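# Understanding the architecture of this molecule
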Amino acid sequence: MKSTIALKARMFRFFIFFFSLSVAVYAQERPDATEARFLKEVFLTPLKLKLEGDSVRFGVKGNIPVESVLIPRNPKLKLVFRSPEVSLELGEISLTKTLANFTYDKKFSIKYESWMEGGSLELQFFQGKKTSSVPFETRILAKGVIAPQLLVRIGQVFPDETIPQVGLYMLTGALDRELEEKKEFSFVFNLGASSIRPGAENVAVLNSIDEFLKKNPTVIKVKVTGLQSPEASESKIPKLGVNRAREVGKSLVARFPEISESSLVYDSRSNDWFDFRLLLRDYQGISTQRKDEMYAILLSGESFQEQGERLKKVPGYSQASSDLFPKLRSVKVEITAKPFLGLDMEQTFKLKEALSNPESGHKLSFGEWALAAEASQSLEEKALIYSKMTELFRSALPYNNMAVVRLRQAQRTLDQGSKEILWDEADRLLVQAFRIEANPYSLHNQGQILALKGEYWEAYKKLSEASVMSKNPDFVLANEMLRGALDVMRGDYKLATLRFDYKITDPRHLFNKGLAYYLVGDYAQATMAFEESVIHGRALGYGYYGLAMIAIQTGQGEIASIHLKNAIGTNSQLKEKAYLDPIFEELMSSNLFFEGISK
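In this report, the structure presented in the accompanying data block is examined. These numbers were taken from a predicted model, which means no experiment stands behind them.

Scoring rules and cut-offs
- Residues numbered from 1 in each chain as written.
- Predicted model: local features only at pLDDT ≥ 70, side-chain atom pairs only at ≥ 80, totals over all residues.
- Heavy atoms only, no water.
- Axes fitted to C-alpha atoms, helices over the stretch in contact; angles between N-to-C directions.
- Helix = DSSP H or I, 4+ residues; strand = E, 2+ residues; numbered from the N terminus.
- Parallel < 35°, antiparallel > 145°, perpendicular 65-115°, else oblique.
- Left-handed = near helix turned anticlockwise from the far one by under 90°.
- Contact = heavy atoms within 4.5 Å.
- Nonpolar A, V, L, I, M, F, W, Y, C, P; charged D, E, K, R; others polar.
- 1 Å grid on protein atoms, 1.4 Å probe; cavity = no way out; pocket = protein on both sides within 12 Å on 5 of 7 lines; lining within 4 Å.
- Points joined across faces, edges and corners; volume = space filled by probe spheres on them.
- Phe/Tyr/Trp six-rings, centres within 6.5 Å; stacked < 30°, edge-to-face > 60°.
- Buried < 20%, exposed > 50% of the residue type's maximum accessible area, 1.4 Å probe, protein only.
- Lys NZ or Arg CZ within 6 Å of the ring centre and 35° of its normal.
- Arc of directions from axis to C-beta.
- Salt bridge = Lys/Arg side-chain N within 4 Å of Asp/Glu carboxyl O.
- Polar contact = N/O pair within 3.5 Å; in protein donor to acceptor, adjacent residues only side chain to side chain.

Between helix α10 (residues 366–375) and helix α11 (residues 379–392), the least distance of the axes is 9 Å, while the angle of their chain directions is 160°. With respect to α11, the element α10 is oriented roughly antiparallel. Of the two elements, α10 crosses α11, and the hand of that crossing is left-handed. Mapping the contact onto sequence places F366, W369, A370, A372, A373 and E374 in α10 and K382, I385, Y386, K388, M389 and L392 in α11. Residues that form the contact of α10 with α11 fall into these classes: nine nonpolar, no polar and three charged.

In this structure, the second largest pocket occupies an estimated 1,400 Å³ of space. Lining of the second largest pocket is provided by 42 residues; of these, S114, L150, Q156, F158 and Y456 occupy positions nearest its centre. Elements with a minimum of two residues in the lining of the second largest pocket: α1 (2–29), α13 (416–436), α14 (440–453), α15 (456–467), α16 (473–490) and α22 (573–580). A per-element tally of the lining of the second largest pocket places α22 first, with five residues. A class-by-class count of the residues in the lining of the second largest pocket yields 20 nonpolar, 11 polar and 11 charged.

Further remarks concern the packing of aromatic side chains. Within the structure shown, the criterion is met by 20 aromatic pairs. Plain terms: the ring middles of F276 and Y317 are 6.3 Å apart, the flat faces sit at 65° to each other, and that makes the pair edge-to-face. With a gap of 41 residues between them, F276 in helix α5 (residues 274–282) and Y317 in helix α8 (residues 317–328) connect regions that are remote in the sequence. For the pair F276 and Y317, a shared accessibility class is recorded, and that class is buried. Seen from the ring of Y169, K382 lies directly overhead, with NZ or CZ sitting 5.2 Å from the centre. Stacked on the ring of Y460, the Lys or Arg R490 has its end atom at 3.9 Å from the ring centre.

Now for helix α7 (residues 304–311). Helical geometry note: an α-helix holds 3.6 residues per turn, so side chains three or four residues apart project in the same direction. Taken as a whole, α7 has its buried residues at F304, Q307, G308 and L311. Along α7, the residues classed as buried sweep out an arc of 100° about the axis, all on the same side. Residues of α7 that are buried in the fold lie against α3 (232–235), α6 (288–298) and α8.

Next up on the list: empty space enclosed by the protein. Any empty space left between the atoms is revealed when a probe the size of a water molecule rolls over them. For the structure on display, the rule yields three cavities of 30 Å³ or more. Roughly 120 Å³ of internal volume is contained in the largest cavity. As for the largest cavity, its lining consists of E184, K223, T225, R269, K332, V333, E334, I535 and H536. Looking at the lining of the largest cavity, the elements that each hand over two or more residues are β11 (218–227), β13 (330–338) and α19 (523–536). At three residues, β13 tops the list of elements feeding residues into the lining of the largest cavity. Counted by class, the lining of the largest cavity contains two nonpolar, two polar and five charged residues.

Turning to the pattern of salt bridges, a few remarks are in order. Oppositely charged side chains can form a pair if their charged atoms are brought close together. Under the definition given, this model contains 29 salt bridges. Across the pair E122 and R82 runs a salt bridge, and its minimum N-O distance is 3.2 Å. Of the two residues, E122 is situated in strand β8 (residues 120–126) and R82 in strand β4 (residues 76–82); the sequence distance between them amounts to 40 residues. Judged by relative accessible area, E122 falls into the buried class, the value being 7%. The closest approach of N and O atoms between E531 and R277, which form a salt bridge, is 2.4 Å. Here E531, found in helix α19, pairs with R277, found in helix α5; they are 254 residues apart in sequence, far enough to count as distant. The same class applies to E531 as to R277, namely buried. Each of E480, R483, D487, R490 and R499 takes part in salt bridges that share partners, so that together they form one network.

Another point: the environment of N472. With respect to the helices and strands, N472 occurs in the loop between α15 and α16. A residue is classified by how much of its surface remains accessible, and N472, at 19% relative accessible area, is buried. Side-chain polar atoms of N472 contact the backbone nitrogen of F475, separated by 3.0 Å.

Structural data, given as structure tokens:
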């Protein structure tokens, strides 16, 4: 509660600060007595400040007139970067006297600090016989710093966001991966119907779910999304998608004992071309030219009905709709589950005895201890078991896994001091694990801790060393996703796009992938990745934010506003970011921005 109040207070201060800056800039540009006399001819290169690597580089040049009544006395120029909390003096700018002007031209390179996101670059002009701390004129050259690379997700925890899972456990041979399994299934329906269509197609889907649950009986979440096609006979039926989703949910609970009502999460989409656009991407029934024409309409920001009328005029639409609409009379089911891990009743009794009686520890084998820890859903219980294992066995596994427990416990506190204590303990355990046995998991986990601490280059070196020590596909994927995120942070965007060349379903990784493509200017690939991030994690909000960045870069202000509304409606962290982001500076000064964030 306190963190939420503090966040809102900080957002309010930033809003007031930027409102004041906007007023100041407006006052300088008005053609009246408040118009700048000496700071008219000022040029900032580039026009907006950008983060490059770990620095902000820019140049300031211009001239000060000395003719007639505008002759300044003892002129001086200073540059200041300031925010509501911090003020950084960048020093005096030398002036060169000519016949008609004082000229100046100076390059700057300053190390980026987080407060600069909410700061402004201000040029100050002084003149007069007496030295004064109050400038005669000021001009704001830029507000904030364009730094989309800092949006990259590397495991950070923010209020109102789900806690990302970090760290990799070393597992026993009974299960060679700790990552959750996800699989998507699709039930089809007859036109306008909300009852599951009988027939071989849906029976095959049920059989596929049955096979998946046999291998992964520990169900974590089942997301059921009801769709309805854009056909008139479907779109005119209120809540058709909702009813379809509920029907499938009831069927799943009745048929599969592994699925409970509490594990179901319902969603639906109607009067929306989003899913049609996704199917169109891989559709081969029409030419690329016709698909591009349809994409232009689907991304136009017009209403559902207006887009439908325009699509009908595109040659090939009839064929595409005939082939794709039946696929939209459906319900998508995404099941997240894990294989069964744990002990039988006799082993469980031995475990309880071993934990309560130190002398009885060796009644369980190393594998049984490890399986017991893996099966536990409690971090505290995992810590207890792994701690006991460090006493009984000389192995890297309990030390590494105890470190992962501490790392995940650190994720669950917003107190920075507590985080650092847990990180330090985790690091000591990882050092011991690596001494016992050189292994990639401990290096990866050390890299994760360093990344969370902001020591990106040291983190990258650890991850690179780990990458050559294992061919396990799940380890490689997790390690490459974090390396790719750090590539974005380091400015090697092209390499980052190669890191993300995997089948990804985690919305954070998909957002990072989109960000890498956005930063190399490949907006088509970036759009696809951001859209997939939305599909797999709409509540995260970052996928929408990425789509808003692309829209504003391509001159689609209305669409950018829509995406921003979706982003901040699902993630309050992004509301403050949108206010401060220079990418949206022009949008922020228009009614579109406030319409997008006020609803």
